[in-house]
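# Observations on the three-dimensional arrangement
Single-letter residue listing:
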Amino acid sequence: MKGNQLGGSINVDLEKLAKYANIGLPVLAFIFIGLGYFYSLKFYILGGIFLLLLFLNIYYRYIQKHHALLTNFGIVAQMRYILESLGPEFRQYLFLSDTEEKPFNRIERSEVYRKAKGVDAASAFGSQLKFDDTEIKLRHSMYPVDKKDLKKFKLCFGEERGIEKAYTINKPVIISAMSYGSLGKTAIRALSRGAKKAGIPINTGEGGYPKYHLMEGADLIFQMGTAKFGTRNDDASLNDEDLKELSSNPQIKMIEIKFSQGAKPGKGGLLPKEKISKEISKLRGVPMGEDVISPPCHVECKNAETTVEFIKRVQDISKLPVGIKLCIGREDQFVELVLEMKKQNTYPDYISIDGAEGGTGAAPKSFMDDVGLPIFKALPFVHKTLKDLSVRDKMKVLAAGKLINPSKQFMALSMGADAVYTARGFMLALGCIQALQCNKNTCPVGIATHKKHLERGLNIEIKAQRVAQYVESLEHDYEELLAAMGDDEFDDLNFGNLYHNNIY
Ligand SMILES: Cc1cc2nc3c(=O)[nH]c(=O)nc-3n(C[C@H](O)[C@H](O)[C@H](O)COP(=O)(O)O)c2cc1C
C-alpha cells in the first residue's frame, strides 16, 4: 500500500513505516540496553525510551480496539493524530493570510491588540480589504468638524420612564455578557477592573450571583438568563425576593432579561461539564459532572402578552432600568411584541440586538452557523420598526455582533444603535489568541478556563490596564470618525452616514 495520507496532506507509506517500527523498536531497545550494560548509564535511558515506545506500539496494535488506524499502524499512526491536533496552530500561524482567519482575521485582531497595548495603530501602504462593493462604508463629509467642537457622548437608561435610579453612561461601548463559568475568575476580575478604570459598565452574563464581577467595584448590568441563575425558584421561575435583594446592591445599575443570544437563538445557555467547578455548581445551584443546559425561553414568557407582563414585573421589583436581549429571528414576532408593548404601555428601557454572528462560550454548530439574523440586517429592521410604530423614543437600542473595531461600531451607531456591546473585543483586549477552546476548559491564555495553572498567565492588573486602554483608544477613534462625518454629536449619526449597495 503506497502513499497513505499522514496528517491530511503529506504522502507517506504508512505500512512500510509501521513495519520498520515493529522491527526497529525491539532491536533498538535491545541494542541500547546492551550498550548501557557495557558502557554508560546514558544508553540505558535511550534504551528505556525505545522500550516504552515498543510497549506503546504493542498496546496500540494488539490491545486497544477503538482506533482502526492505531491497530493497523501502531505508533506510526499516532503521528497522524499529533499532526491533526497541531493543524489549527499550523494553519493559523503559517498558512493563513492576514484576511483569512475566522471568526476574526489577523488584521481585525491586531487592531484590538494594538489598541489594548496603546501601540501606534497606523498602518502603511493601503487597505488590505477587497473593495468589491459588497461592504458597508462610511460616508465622510467634505467639511469635517473641528474635534474641539464635538459634544460629549451621554446616554441615560430609564429616563423615558422617569425612574429614580436611571443610569447614565458616558461612552458608547459596554462589555457584553460573559458569565463566570464561561470565563474564569481571573479574566472576570481583569475585565471588571478594566471596566472600572475605563468608566464603563460590564454585563455579568447569565452565571448567577456575580461574585467576581462585584469584586472590582465596576458598574454592573445583571443578566437574567432563561435559567435565572441567582434569582430562580427550582422550576426556573423568577424568585422576586432574590431579584429585589440583588437589585438593592448599589453596584448593580441595570437588569437585562436575556431572551436569546446570536450564537444560539432558540436555545438556552450551555455550560459544558468540564467547566463546572465546585464553586460554580454552588453559585448556580447545579450539579457537577453534567452539562448545564438552560431552558430555551423564560417559563413566564409564552407569548407577546406574557413577555411584556414579565418585563413590567422585573421593572417593578428591581426599580432599575431593565433591558431585553435578543437575536432577531421571525420579524413578525418582533413587530407583534412591540405592538403589545404599546398596548400595555410598557417598554423595556433598552433592547439589545445580538447578531447571529455573535460569540459564545459553547453552542451547537448549526445554531452558530445558520440560525438568526446578522446584526447589520437585524439592527436597521429594529430601528425602523420602532420608528414606524412611533416608539423609538421610548427606549434605547444596543447592538452586538463582531463589532470589535471602531469603524464597525460606528456603522452600528449610524444604523440606529445608541451604544454597542462587545464581548470578544474585550476578550482580545485581554490577550485572547482565538484558540477556539472556550468550551473545553483548556484556554491556553487562561481566559476561558478554570485551571489554575492556565489562569496563572493572566495578570489582573496588566490586563485591566489593557481593557481600559482599548476603550480609550476606541473613544479616540470615535471622535476622529465623528469629526470626519461632519457631525458634532453622536445623535446626528444616521443612515446617511453609510454606503452599501444592499441596504438601500
Ligand atoms: C465566552 C463568551 C461567553 C458568553 N456568555 C454570554 C452570556 O452569559 N450571556 C449572553 O447573553 N451572551 C453571552 N455571550 C455573547 C456575548 O455577550 C455577545 O452577545 C456576543 O458575543 C456578540 O458580541 P461579540 O461579537 O462582540 O463577541 C458570550 C460570548 C462569549 C464569547
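Keep in mind that what you see is a predicted model, and the values were worked out from it rather than measured.

## Side note on unusual backbone geometry
One can expect most non-glycine residues to show negative phi and most peptide bonds to be in trans. Look at the link from K102 to P103: it is a cis peptide, with omega at -5 degrees. Assignment of secondary structure puts P103 in the loop between α4 (75-95) and α5 (106-117). In the Ramachandran plot, K228 falls in the positive-phi region, its phi being about 55 degrees despite a non-glycine side chain. Structurally, the position occupied by K228 is in the loop between β8 (220-224) and α8 (240-247). Look at K319: it is not a glycine, yet its phi comes out positive at around 60 degrees. With relative accessibility at 54%, the residue K319 sits in the exposed group.

## A word on the site of the ligand
Near the ligand you find 24 residues, and of these A177, D354, K402, T422 and R424 are the closest. One of the side-chain N or O atoms of S176 is found 2.8 Å from an oxygen atom in the ligand. The contact in question runs from a nitrogen atom of the ligand to an N or O atom on the side chain of Q223, over 2.8 Å. Relative to its free-state accessible area of 610 Å², the ligand is covered by the protein chains to the extent of 98%. Partitioning the shell around the ligand into residue classes produces six nonpolar, 12 polar and six charged.

## A few points about a nonpolar patch on the surface
There is a patch of nonpolar side chains on the surface, built from I33, Y37, F38, Y39, L41 and Y44 and spanning about 770 Å² of accessible area. Sorting the residues of the nonpolar patch by element identifies α1 (14-38) and α2 (41-63) as the ones contributing at least two each. With respect to the secondary-structure elements, I33 resides in helix α1. A residue is classified by how much of its surface remains accessible, and I33, at 30% relative accessible area, is partly exposed.

## A short note on the pattern of salt bridges
For the structure on display, the rule yields 26 salt bridges. For the salt bridge of E216 with R193, the shortest nitrogen-to-oxygen distance reads 2.7 Å. Of this pair, E216 sits in the loop between α7 (211-215) and β8 while R193 sits in helix α6 (residues 185-198), and the two are 23 residues apart along the sequence. The class of E216 is buried, set by a relative accessible area of 12%. When salt bridges with common partners are traced through the structure, they connect R189, R193, K197, E216 and E461 into a single cluster.

## A word on the confidence of the model for the chain
For the chain, mean pLDDT is 91; residues scoring 70 or higher make up 94% of the total. Note on residues 1-10: pLDDT under 50 across the span, and 28 contacts to partners over four residues away in sequence or across chains.

## Some thoughts on the pairing of strand β13 (residues 350-354)
The buried count for β13 comes to five of five residues, which makes it a mostly enclosed element. Here strand β12 (residues 322-326) pairs with β13 via four bridges, running parallel. Looking at β13, one finds that G323 is bridged to Y350. Once you follow β12 into helix α11 (residues 331-344) and on to β13, the crossover reads as right-handed. In this sheet, strand β14 (residues 396-400) lies alongside β13 in parallel orientation, the contact comprising five bridges. Bridge pairing in β14 links S352 to L398.

How each quantity is defined
- Residues numbered from 1 in each chain as written.
- Predicted model: local features only at pLDDT ≥ 70, side-chain atom pairs only at ≥ 80, totals over all residues.
- Heavy atoms only, no water.
- Helix = DSSP H or I, 4+ residues; strand = E, 2+ residues; numbered from the N terminus.
- Buried < 20%, exposed > 50% of the residue type's maximum accessible area, 1.4 Å probe, protein only.
- Near = heavy atom within 4 Å.
- Polar contact = N/O pair within 3.5 Å; in protein donor to acceptor, adjacent residues only side chain to side chain.
- Areas by Shrake-Rupley, 256 points an atom, 1.4 Å probe, with all protein chains shown as cover.
- Nonpolar A, V, L, I, M, F, W, Y, C, P; charged D, E, K, R; others polar.
- Patch = residues over 30% accessible without salt bridge, like charges linked within 9 Å, V, L, I, M, F, W, Y side chains within 5 Å.
- Salt bridge = Lys/Arg side-chain N within 4 Å of Asp/Glu carboxyl O.
- pLDDT = per-residue confidence, 0-100.
- Contact = heavy atoms within 4.5 Å.
- Pairing = 2+ DSSP bridges.
- Right-handed = clockwise from strand over helix to strand, strands pointing away.

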